[in-house]
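# Structural description and commentary
One letter stands for each residue in the lines below.
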Amino acid sequence: MPKSANSLIKGKYKGKDILTLDQFSIQDVKVLFKLVPKMASIAKKSTNSKILCGKVVTLIFYEPSSRTFSSFDAAVKRLGGQTVTMQDPLRVSSVAKGETLEDTVRVFEAYSDAIIMRHPQQGSLKVAADACEHIPVINAGDGIGEHPTQALLDMYTIYEKHKTLGNLTGLIAGDLLNGRTVHSLLRGLSLYPKNTIYLLSPRELKLNKSDFKLFKDRGLHLIEIDSEYDIPKNAHFWYWTRVQKERFKDLAIYEKVKNRYIVTEKIFNKYAGARTYLMHPLPRVGEIGIEIDSDPRALYLRSQVRNGMYIRMALLSLVLGKN
Ligand code: NCD
């Protein structure tokens, strides 16, 4: 049966491509979050669940990945499914011989029940999903575009601490121009009322103008700052990101802007409150000092990572599972 053309989730996850946070409503996010405790308890048991029993999921990653690749792989296996994996297809697969993205997708469609893909080009996951007629495609990062499952786990991590995703004051820092996790997270936060987000970045890495306008029009209160001294006190969360070296044509500019903003103990203690949680999608490359890691408010190597697998389990069980 061909896939439904309607990309909004609207309560029906089954069989849908997951390409952007724009597909989600508040209610859809709620349905997903409700499954997370169940997924956490499945993951903690030694016997695997049968939710994806008999399902094979293909993971094709054209760009490097540690967490997203492994947590999806683990999520499928925790739910009783199996994976076909290909990392670095440019080196190891027929892509090296010049095969098109469309052909690659159609081949893996014949082998599996869903495709999870990361690709360096923005928009390429839509191309892949369109080429794939019968099975769902999940975006694990498309260039500087989006990274929806990362945003869902980030939102869950905030929700777990503050019990709401509205009425929040947050700080998002780093590479707002090229950071796909930021683009998806802002889409997610723009679903909820009364959020104020401070955007801290070097001038060269500001959110692009059309995104800025889009999120403002959706009701996000965005405040651009370029100095640590303008960080609001007691925000609900700080979301730090890496300057995306691989997106720079001119590495001299990268060298100029990398690690412009570093979370030190001094800055964190001065501006963060007792319930200001520090997050980062990882990998970090120097922008959060390791002396912060032991602070209980630092979630990036704790719940944020664990929630990644749980959210992906929840999503896979909704899109693909027997329930
Ligand atoms: C991010 C990505 O790939 O966009 N990593 C991840 O998936 N956790 C962030 C990054 O690479 O900086």
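Just so it is clear, the model here is predicted, and its values are computed rather than measured.

Now for the packing of helix α7 (residues 180–189) against helix α8 (residues 209–217). Across the interface, α7 lies against α8 with an axial gap of 9 Å and an inter-helix angle of 20 degrees. In terms of axis orientation, α7 runs roughly parallel to α8. Judged by the sense of rotation from one axis to the other, the crossing of α7 with α8 is left-handed. Residues H183, L186 and R187 of α7 form the contact with α8, whose participating residues are D211, L214 and F215. Counted by class, the contact of α7 with α8 contains three nonpolar, one polar and two charged residues.

So, on to the packing of aromatic side chains. Any aromatic ring pair is given by two values, namely how distant the centres are and how the planes are angled relative to each other. Enumeration according to the criterion identifies nine aromatic pairs in this entry. Judged by centre distance (5.1 Å) and plane angle (90 degrees), the ring pair of F61 and F69 falls under edge-to-face. Considering the side-chain rings of W238 and F268, the 5.2 Å spacing of their centres and the 75 degrees angle between planes classify their relative orientation as edge-to-face. On the criterion of sequence distance, the pair formed by W238 in strand β8 (residues 237–240) and F268 in helix α10 (residues 265–271) is long-range, its members being 30 residues apart. For the pair formed by W238 and F268, the shared burial category is buried. An aromatic cluster of three or more residues is present, and its members are F33, Y156 and Y159.

It is worth spelling out the pairing of strand β3 (residues 114–119) at this point. With six of six residues buried, β3 is to be regarded as a mostly interior element. Along β3, one buried face is formed by A114, I116 and R118 and the opposite face, lined by I115, M117 and H119, is buried too. Where strand β1 (residues 56–61) meets β3, five bridges bridge the pair, whose relative direction is parallel. Bridge assignment links L59 to a residue of β3, and that residue is I116. Sheet topology places β3 next to strand β4 (residues 137–142); four bridges connect them, and they run parallel. Among the inter-strand pairings, M117 is bridged to a residue of β4, identified as N139. Running through helix α5 (residues 124–131), the crossover from β3 to the neighbouring parallel element β4 is right-handed.

Let us now look at the site of the ligand. Inspection of the region around the ligand gives T68, R118, H147, Q150, R180, T181, R242, Q244, P281, L282 and P283 as its neighbouring residues. One of the side-chain N or O atoms of H147 is found 2.8 Å from an oxygen atom in the ligand. For the ligand, the protein covers 94% of the area, taking 310 Å² as the surface of the free molecule. Classifying every residue of the shell around the ligand gives three nonpolar, five polar and three charged.

Definitions and cut-offs
Residues numbered from 1 in each chain as written. Predicted model: local features only at pLDDT ≥ 70, side-chain atom pairs only at ≥ 80, totals over all residues. Heavy atoms only, no water. Axes fitted to C-alpha atoms, helices over the stretch in contact; angles between N-to-C directions. Helix = DSSP H or I, 4+ residues; strand = E, 2+ residues; numbered from the N terminus. Parallel < 35°, antiparallel > 145°, perpendicular 65-115°, else oblique. Left-handed = near helix turned anticlockwise from the far one by under 90°. Contact = heavy atoms within 4.5 Å. Nonpolar A, V, L, I, M, F, W, Y, C, P; charged D, E, K, R; others polar. Phe/Tyr/Trp six-rings, centres within 6.5 Å; stacked < 30°, edge-to-face > 60°. Buried < 20%, exposed > 50% of the residue type's maximum accessible area, 1.4 Å probe, protein only. Pairing = 2+ DSSP bridges. Right-handed = clockwise from strand over helix to strand, strands pointing away. Near = heavy atom within 4 Å. Polar contact = N/O pair within 3.5 Å; in protein donor to acceptor, adjacent residues only side chain to side chain. Areas by Shrake-Rupley, 256 points an atom, 1.4 Å probe, with all protein chains shown as cover.

Distances and angles like these do not, on their own, reveal function.
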